[in-house]
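One letter stands for each residue in the lines below.
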Amino acid sequence: MKPKLVVIVGPTASGKSDLAIAVAKKFGGEIISADSRQLYRGLEIGAAIEPGRWTKRGAKRVYAARGVAHHLTAFRSPAKPLTAAEYKKSALSAIGDILKRGKLPILVGGTGLYVNAVVDNFSIPEVAPDPALRQRLEKLSSPALYARLQKKDPIYAAKIPPQNRRYMIRALEVIQTTGRPFSELQKKGEPLFTTLLLGVERPRVELYRRIERRVDAMMKRGLLQEAKKLGRLYGWSNQVLSSLGHRQLGLALQGKIPLEEAVLMVKRDTRRYAKRQMGWFRRDARIIWLKSSQEAEKLVKRFLVNTE
RNA sequence: GGGGGCUUGGUGAAGUGGUAUCACGGAUCUCUCCAAAAGAUCAGUCGUGGGUUCGAUUCCUACAGCCCCUG
């Protein structure tokens with residue numbers, strides 16, 4: 001039987017972390033982040049990283065928060081953004097490590113692509129982003145890009161709207177490097193784990209209220225200072241600084257918009273993000289949506305006992 | 001009492017004699033290396049009634065509501 005993996009997903013500010021920590025404590029688990037922003041150091045406030053500290057376990061350094069080990073959390077410099085492929089590799093190795101020690105791996109996060117990359121074992125084309133090529137393609141008009149894509153990979157071209165430059169450019173990048181159609185390379189591997197997928201759900205209005213409150217709390221904790229520091233260290237064009245909170249406050253810090261407006265934008269954009277996340281997760285029929293953490297514990301217990 | 005103006009999706013605005021545009025908001029959706037990203041779709045009987053017209057949201061008219069000026 002395949003190793004077991006518990007996955008907890010849900011929109012931002014839904015309370016995933018609390019649930020994950022409760023489950024981890026109860027079942028001897030360790031958490032792996034599937035959140036594209038919590039990976040980075042220096043975004044503690046804005047990315048709502050669980051406050052914790054680094055400790056040593058043998059030769060390794062481990063981030064522990066509320067008594068639970070967290071992997072892929074606050075470990076990477078924003079100067080070196082992780083690609084999705086790298087994320088998958090790191091996550092798999094963290095999960096392997098946890099399993100080896102006889103603990104329960106719990107994958108937690110709101111970045112759907114990352115969750116699926118691990119759960120569905122995506123074999124992501126090994127083509128690193130090529131900034132020079134992207135820049136060149138960026139100069140072409142959308143119809144020109146689309147025409148080129150239609151010629152080289154009609155199957156993928158038919159799947160995406162001709163306005164989506166981002167997707168077209170990535171596809172062309174992969175095609176150019178590998179010499180094969182992009183659509184052919186988007187393969188799923190055999191799943192590596194037996195997974196229990198849990199979703200944290202909240203009524204829309206409640207979620208929005210939580211988002212507002214959380215943003216206000218972040219401001220009180222010094223989100224502005226955090227953003228300022230990040231801007232100084234990495235420059236505003238840094239990819240990681242496109243994060244919710246830092247991006248908008250960055251505009252204010254650069255004098256482009258008033259601070260109050262920036263804060264409203266953070267709230268607005270976070271709401272929009274939460275909606276997108278819900279859309280992403282809703283289409284996955286395997287996810288069991290739960291109303292309470294007791295329900296989660298019951299489900300995990302049953303999942304762990306089940307040996308077939 | 002007299003004069004003038006306004007009335008377009010939830011909000012704020014644009015616009016045209018041939019069923020309407022934008023921003024914000026809302027709903028739905030796509031997603032295999034920028035993903036807290038990128039992108040798609042849906043929603044208005046253009047205040048109400050009448051008239052002119054092949055055809056009116058657009059012109060005329062009455063009414064209603066709101067606003068401004070004036071006595």
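All values reported here derive from a predicted model rather than from experimental measurement.

**Details of the protein's contact with RNA strand B**
Here is step 1: The immediate surroundings of RNA strand B are formed by 49 residues, with Ser36, Thr83, Ala84, Ala85 and Leu244 found nearest.
Here is step 2: Secondary-structure elements contributing two or more residues to the surface near RNA strand B are helix 2 (84-100), strand 7 (122-123), helix 7 (165-178), strand 8 (187-188) and helix 12 (259-282).
Here is step 3: Here the surface near RNA strand B takes nine residues from helix 12, the largest share from any one element.
Here is step 4: A per-class count over the surface near RNA strand B returns 17 nonpolar, 15 polar and 17 charged.

**Considering the domain arrangement of chain A**
Here is step 1: According to the domain assignment, chain A consists of domain 1 (4-123 + 189-202 + 279-305), domain 2 (131-185) and domain 3 (204-276).
Here is step 2: A C-alpha centroid distance of 32 Å is found between domain 2 and domain 3.

**Topic: helix 9 (residues 204-221)**
Two residues of an α-helix separated by three or four positions point the same way, owing to the 3.6 residues in each turn.
Here is step 1: Along its 18 residues, helix 9 runs 25 Å from first to last C-alpha, staying within 8% of the 26 Å computed at 1.5 Å per residue.
Here is step 2: All of the buried residues along helix 9 are Leu207, Ile211, Val215 and Met218. For helix 9, the angular spread of the buried residues around the axis is 75°, confining them to a single face. Turned more than 90 degrees away from the buried face of helix 9 sit Val205, Glu206, Arg213, Ala217 and Lys220, all of them exposed.
Here is step 3: Looking at the buried side of helix 9, the elements it contacts are helix 10 (223-234) and helix 12.
Here is step 4: Looking one or two residues past helix 9, Gly222 carries a phi angle of roughly 105°, positive in sign.

**Here we look at the pairing of strand 4 (residues 60-65)**
Here is the key point about a regular strand: its side chains alternate between the two faces of the sheet.
Here is step 1: For strand 3 (residues 53-57) and strand 4, the ladder comprises five bridges, and the chain directions are antiparallel. Across the sheet, Arg53 pairs through a bridge with Ala64, a residue of strand 4.
Here is step 2: The turn joining strand 3 and strand 4, which pair antiparallel and follow one another in sequence, is formed by two residues; a positive phi near 65° is taken by Gly58.
Here is step 3: Inspection of the sheet shows strand 4 paired to strand 5 (residues 68-71) by three bridges, in the antiparallel sense. The residue of strand 5 that forms the bridge with Ala64 is Ala69.
Here is step 4: If you look at the hairpin formed by strand 4 and strand 5, you'll find two residues sitting between the two strands, and Arg66 has a positive phi there, around 50°.

**What to know about the packing of helix 1 (residues 16-27) against helix 13 (residues 293-305)**
Here is step 1: For the pair helix 1 and helix 13, the least separation of the axes is 10 Å and the interaxial angle reads 45°. When the axes of helix 1 and helix 13 are compared, the pair comes out oblique. Of the two elements, helix 1 crosses helix 13, and the hand of that crossing is right-handed. In this structure, helix 1 contributes Leu19, Ala22, Val23, Lys26 and Phe27 to the contact, and helix 13 contributes Ser293, Ala296, Glu297, Val300 and Leu304.
Here is step 2: Class assignment of the residues belonging to the contact of helix 1 with helix 13 gives a composition of seven nonpolar, one polar and two charged.

**Points about the packing of helix 9 against helix 12**
Here is step 1: Following both chains from N to C, one finds helix 9 and helix 12 inclined at 140°, their axes separated by 10 Å at the closest point. In terms of orientation, helix 9 and helix 12 fall into the oblique class. Crossing of helix 9 over helix 12 shows right-handed handedness. The segment helix 9 lies against helix 12, with Leu207, Tyr208, Ile211, Glu212, Val215 and Met219 engaging Val263, Val266, Lys267, Thr270, Arg271 and Ala274.
Here is step 2: When grouped by side-chain class, the residues that make up the contact of helix 9 with helix 12 number eight nonpolar, one polar and three charged.

**What to know about the sheet that holds strand 2 (residues 29-33)**
Here is step 1: Strand order in the open sheet formed by eight strands is 3-4-5-2-6-1-9-10, and the pairing between neighbours is mixed. Each edge of the open sheet is held by one strand with a lone partner, namely strand 3 and strand 10 (288-290). Sheet twist, expressed as the mean angle between neighbouring strand axes with direction ignored, is 35°.
Here is step 2: Across three bridges, the pairing between strand 9 (residues 194-200) and strand 10 is parallel. Residue pairing across strands places Gly199 opposite Trp289, the latter belonging to strand 10.
Here is step 3: Helix 1 rests against strand 1 (4-9), strand 2, strand 5, strand 6 (104-108) and strand 9 of the sheet, and its axis sits at about 180° to strand 6.
Here is step 4: Most of the contacts of helix 2 go to strand 2, to which it runs at about 175°, and overall it touches strand 1, strand 2, strand 5 and strand 6.

What counts as what
- Residues numbered from 1 in each chain as written.
- Chains lettered and ligands numbered in written order.
- Predicted model: local features only at pLDDT ≥ 70, side-chain atom pairs only at ≥ 80, totals over all residues.
- Near = placed C-beta within 6 Å.
- Helix = DSSP H or I, 4+ residues; strand = E, 2+ residues; numbered from the N terminus.
- Nonpolar A, V, L, I, M, F, W, Y, C, P; charged D, E, K, R; others polar.
- Domains from an automatic or database assignment.
- Expected span 1.5 Å × (residues − 1).
- Buried ≥ 20, exposed ≤ 12 C-beta atoms within 10 Å, placed from the backbone.
- Arc of directions from axis to C-beta.
- Contact = placed C-beta atoms within 7 Å.
- Pairing = 2+ DSSP bridges.
- Axes fitted to C-alpha atoms, helices over the stretch in contact; angles between N-to-C directions.
- Parallel < 35°, antiparallel > 145°, perpendicular 65-115°, else oblique.
- Left-handed = near helix turned anticlockwise from the far one by under 90°.

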